[in-house]
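The primary structure of each chain is shown beneath.
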Amino acid sequence: MLVKHSVISNIGRLSSLSPSSSVLRRQQFLVRTLCGSRFNPLKLIRAMSSTSEADAESILRTITPSLDPKRHKGQAGKIAVIGGCREYTGAPYFAAISALKIGADLSHVFCTKDAAPVIKSYSPELIVHPVLEESYSISEFSEEDKRKVQDKVIGEVDKWMERFDCLVIGPGLGRDPFLLECVSKIMLLAKKSIVPFVVDGDGLFLVTNSVDLVKSYPLAVLTPNVNEYKRLVQKVLNCEVDEQKAEDQLRSLAKQIGGVTILRKGKSDLISNGETVKSVSIYGSPRRCGGQGDILSGSVAVFLSWAQQLKSGPESQKNSSPSENPAILGCIAASGLLRKAAALAFAKHKRSTLTSDIIECLGESLEDISPAS
Ligand SMILES: NC(=O)C1=CN([C@@H]2O[C@H](COP(=O)(O)OP(=O)(O)OC[C@H]3O[C@@H](n4cnc5c(N)ncnc54)[C@H](OP(=O)(O)O)[C@@H]3O)[C@@H](O)[C@H]2O)[C@@H](O)CC1
Ligand SMILES: Nc1ncnc2c1ncn2[C@@H]1O[C@H](COP(=O)(O)OP(=O)(O)OP(=O)(O)O)[C@@H](O)[C@H]1O
Ligand SMILES: [Mg+2]
């Protein structure tokens, strides 16, 4: 019930933003999904009651849509990654290509001008927007001109915002202050349009320093690694990470940030929205090469979109969709699939397993669990 009330109050807050018609549709969908006539307290209480190992395979089977010939391009998901700068071009590519490899129809990347040609050259499948600016490229500008540049950046992203099913904010973003200020405005835009977002990498650096950017937004998912989690706990809970109370601490953290969903990455992935805590411990791979978290953030975006779609689609009218929060379902599905793909890639490549090898195994791993036909 607590969940229901907090969702209603969050929606109330979101409603005060004079929404457009597509925003209204999203709001109505949220209300129907989380609090509507299909609201089943028994199912919800069961789902929320304890920390337990999630049945990731069953969730993957439930939320992965069938390949229906009647569906048109875009219906399987339109994802956008906000990330990619001079230093990092791999991370946004990994997140964006993983979304496509899992089954999303369109994957965009909004990055800096330097990063764009590099990311484009990795793959013609991605739609790359060279719109973000770092301080060095505007160092000679007056304050007024800097503001104009910022408005232009926000305008470029805003043109697309309502078309996206989910954003991934942060892989390879870097920590340039001017760029991060623009990204904080992009988060506000996403909230205004009620677009879910996954925050990872340097996006978590931004959010840790400005928690209000995500606080009480029920469609925000944070995916911290060990360092990012430590910094969040220190900032929000004002204490150190306590492994003995890992689940309680994660639940408190998510609750303190107003019920956002947090996926704490590690030996076991732990997922909480401040009410329930679920774990995914399927055996993955002993290789810890960089970039696996980026696969995860792109995957969460797709599965979250599919879980939401399932709840709003005709299947939900038959009361056959699961009652849990789509963000939690998306995290469980993504974590389970990444671990399966990592295990498969490791079986093939052993010590030389790289992130690209794991990405190549995403399709086969999903096919094993949820065959296309
Ligand atoms: N190919 C690319 O373009 C990629 C780009 N990426 C992008 O890089 C950006 C920064 O992200 P990040 O992950 O490097 O930052 P953060 O977590 O602060 O780690 C910094 C340092 O912390 C340590 N450390 C890490 N894990 C640890 C552990 N388990 N236990 C203990 N220590 C641990 C370790 O330090 P060391 O051990 O070397 O002292 C590590 O070097 C971000 O934008 C991200 O998206 C990546 O996605 C990778 C692929
Ligand atoms: N010790 C571990 N044992 C098994 N799996 C792990 C371990 N640590 C992380 N993972 C898995 O690897 C995935 C990526 O987590 P990781 O902590 O490497 O993220 P990250 O540091 O953000 O990665 P990236 O290099 O992309 O930034 C997680 O989903 C988790 O399932
Ligand atoms: Mg990372």
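Residues numbered from 1 in each chain as written. Chains lettered and ligands numbered in written order. Predicted model: local features only at pLDDT ≥ 70, side-chain atom pairs only at ≥ 80, totals over all residues. Heavy atoms only, no water.

**Q** Just checking my understanding: could you explain the packing of helix H4 (residues 56-63) against helix H12 (residues 292-312) for this structure?
**A** H12 packs onto H4 with a crossing angle of 60° between their chain directions and a minimal axis gap of 9 Å. Taken together, the axes of H4 and H12 are oblique relative to one another. Between H4 and H12, the contacting residues are Leu60, Thr62 and Ile63 on the first element and Phe303, Trp306, Ala307 and Leu310 on the second. Across the contact of H4 with H12, the residue classes break down as six nonpolar, one polar and no charged. (Axes fitted to C-alpha atoms, helices over the stretch in contact; angles between N-to-C directions. Helix = DSSP H or I, 4+ residues; strand = E, 2+ residues; numbered from the N terminus. Parallel < 35°, antiparallel > 145°, perpendicular 65-115°, else oblique. Contact = heavy atoms within 4.5 Å. Nonpolar A, V, L, I, M, F, W, Y, C, P; charged D, E, K, R; others polar.)

**Q** I keep staring at the pattern of salt bridges and nothing clicks. Help me out?
**A** Considering all chains together, one arrives at 14 salt bridges under this definition. One salt bridge connects Lys148 with Glu144, and the closest N-O pair in it is separated by 3.7 Å. Here Lys148 pairs with Glu144, and both are found in helix H7 (residues 143-161), just four residues apart, close to one helical turn. By relative accessible area, which is 46% here, Glu144 ends up partly exposed. The salt bridge partner of Asp269 is Arg339, with a shortest N-O separation of 3.4 Å. Taken together, the residues Asp269 in strand E9 (residues 269-272) and Arg339 in helix H14 (residues 326-349) connect sequence positions 70 residues apart. Since its relative accessible area comes to 6%, Asp269 is described here as buried. Taking the relative accessible area as the measure of exposure, Arg339 reaches 10% and is therefore buried. (Salt bridge = Lys/Arg side-chain N within 4 Å of Asp/Glu carboxyl O. Buried < 20%, exposed > 50% of the residue type's maximum accessible area, 1.4 Å probe, protein only.)

**Q** Can you walk me through the nonpolar core in this structure?
**A** General note: in soluble globular proteins, nonpolar side chains tend to be found buried as a group. One finds Ile63, Ile79, Ile102, Leu126, Val300, Phe303 and Ile332 to be the most contacted residues of the largest nonpolar core, which totals 59 residues. Per-element tally for this core: the top contributor is H14, with 12 residues. Apart from residues lying up to four places away in sequence, Leu126 is in contact with Tyr93, Ala96, Ile97, Leu100, Ser107, Val109 and Ile119. Within the second largest apolar cluster, 51 residues are counted, among which are Val131, Met161, Leu167 and Val195. (Core = buried A, V, L, I, M, F, W, Y, C linked by side-chain atoms within 4.5 Å.)

**Q** Looking at this structure, how should I read the site of ligand 1?
**A** Taken together, 16 residues form the shell around ligand 1, and within it Gly172, Asp202, Asn225, Asn227 and Asp294 come nearest. Gly90 is positioned with one of its backbone polar atoms (N or O) 3.2 Å from an oxygen atom of ligand 1. With respect to ligand 1, the backbone of Gly172 contributes an N or O atom lying 2.9 Å from an oxygen atom. Taken by itself ligand 1 offers 900 Å² of open surface, and the protein chains cover 47% of this. (Near = heavy atom within 4 Å. Polar contact = N/O pair within 3.5 Å; in protein donor to acceptor, adjacent residues only side chain to side chain. Areas by Shrake-Rupley, 256 points an atom, 1.4 Å probe, with all protein chains shown as cover.)

**Q** Can you walk me through the confidence of the model for the protein in this structure?
**A** Reading fine detail from the predicted coordinates is not recommended where pLDDT is low. Confidence in the prediction for the protein averages 88 pLDDT; 84% of positions are at 70 or higher. Note on residues 1-19: pLDDT under 50 across the span, and 23 contacts to partners over four residues away in sequence or across chains. For residues 31-49, every residue scores under 50 in pLDDT, and the model assigns this stretch 31 contacts once sequence neighbours within four places are set aside. (pLDDT = per-residue confidence, 0-100.)

**Q** Teacher, can you tell me more about the side chain of Asp176 here?
**A** Mapped onto the elements, Asp176 comes out in the loop between strand E5 (166-169) and helix H8 (177-192). Despite its burial, Asp176 pairs with no opposite charge, the nearest such side chain being Arg86 at 7.7 Å. A distance of 2.8 Å separates polar atoms of two side chains, one belonging to Asp176 and the other to Ser135. For Asp176, the residues in contact, after removing those within four places along its chain, are Glu133, Glu134 and Ser135. (Lys, Arg positive; Asp, Glu negative; His and termini not counted.)

**Q** Would you take a moment to explain the UniProt feature "binding site: (6S)-NADPHX" (unreviewed entry) in the protein for this structure?
**A** Using the residue numbers shown here, the UniProt feature "binding site: (6S)-NADPHX" (unreviewed entry) corresponds to Gly172, Asn225, Val226, Asn227, Glu228, Tyr229, Lys230, Arg231 and Asp294. Along the chain, Gly172 falls in the loop between E5 and H8. When neighbours within four sequence positions are excluded, Gly172 is seen to be in contact with Gly83, Gly84, Cys85, Tyr88, Ala91, Pro92 and Asp202. Positionally, Val226 belongs in helix H10 (residues 226-237). Relative accessible area serves as the criterion here: at 58%, Val226 is assigned to the exposed category. (UniProt positions renumbered as here; feature names shortened; annotations may be inferred.)

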